[in-house]
Amino acid sequence: NPDLGWRDVQHILVNSSRKVDIFSDGWQTNAAGHLFNHDYGFGRVNADAAVKLSKEWTNVEPEVSFSNAESPDQDIPEMGEGSLTRTITVAQDIKIESIEIPFITDHTHAGDLNITLTSPAGTTAIIAESRHDTTNGINFVFSARTFWDESSQGDWILEVTDNAIEDTGKLNSWGVNIFGTPGPNYDESINQSSAINYDAL
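Overview of the structure. (Residues numbered from 1 in each chain as written. Predicted model: local features only at pLDDT ≥ 70, side-chain atom pairs only at ≥ 80, totals over all residues. Heavy atoms only, no water.)

## Structural notes on the packing of aromatic side chains
Applying the stated criterion to the full structure yields six aromatic pairs. Summarising the aromatic geometry, the rings of F36 and F42 are spaced 5.0 Å apart at their centres and angled 75 degrees between planes, so their arrangement reads as edge-to-face. The class of F36 is buried, set by a relative accessible area of 11%. Pairing F140 with F142 gives two aromatic rings, centres 5.0 Å apart and planes at 75 degrees, and the pair type is edge-to-face. On the basis of relative accessible area, F142 is assigned to the buried category, the value being 12%. Taken together, the ring pairs in this structure connect F36, F42 and W148 into an aromatic cluster. (Phe/Tyr/Trp six-rings, centres within 6.5 Å; stacked < 30°, edge-to-face > 60°. Buried < 20%, exposed > 50% of the residue type's maximum accessible area, 1.4 Å probe, protein only.)

Following this line, the structure appears as structure tokens:
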């Protein structure tokens, strides 16, 4: 199909892929009905199914986007003292393809942190897992495909957990940059709310 754009190809692969490693406990079905796994994405590419789907594919609408962010400058609780939870409300209705999560912290041991993001529909994406990383601070734009075809409208919940003692820090800034196609309640009058200064640290 010579009319396919790069975003159409992504949609085709998402909708034609097959589950791999059925014994993995990481599989979840998002609110739009897509299987997703933090380790395997949407699964194994099925070339035959993808080609068949492409032949009858109707191209997706032009991409739209929306961003919102906050700078709480709030302490991340030490291990054993719970998690830091923050919420950003998105007024715009976008049928999601991808999300960027700008994230800035001055925590003195970045590898201690486990970071998740939960959509308004209740789907949770693992943004970062605790790891052997002695980096001081994080100033990075993470990304997630977990929420494919869900609506962006509603409350997005970030949870940051410190899984080690001694090192400390604050959540300086975070946000969501949402990309996709207009949802049924898309409102052209709603513009981007705010943006993060990536050079804050």
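Still to come is the rest of the account.
## Some details on the pattern of salt bridges
Considering all chains together, one arrives at five salt bridges under this definition. Salt-bridge contacts for E97 lead to R7; the nearest nitrogen and oxygen are separated by 2.9 Å. Here E97 is found in strand β6 (residues 94-105), whereas its partner R7 is found in helix α1 (residues 6-16), with 90 residues between them in sequence. Each of R7, E63 and E97 takes part in a single network of salt bridges with overlapping partners. (Salt bridge = Lys/Arg side-chain N within 4 Å of Asp/Glu carboxyl O. Helix = DSSP H or I, 4+ residues; strand = E, 2+ residues; numbered from the N terminus.)

## Describing the environment of T123
Relative to the helices and strands, T123 is located in the loop between β7 (113-118) and β8 (124-128). Among the residues examined, T123 registers a relative accessible area of 4% and is labelled buried. In the structure, T123 is positioned 27 residues away from E150 in sequence and 9.2 Å away in space, judged by C-alpha atoms. Apart from residues no more than four positions distant in its own chain, T123 is found in contact with Q28, N30, A31, L117, T118, T146, F147 and E150. Among the polar contacts made by the side chain of T123, one reaches the main-chain amide nitrogen of A31 at a distance of 3.4 Å. (Contact = heavy atoms within 4.5 Å. Polar contact = N/O pair within 3.5 Å; in protein donor to acceptor, adjacent residues only side chain to side chain.)

Read these as geometric descriptors, not functional statements.
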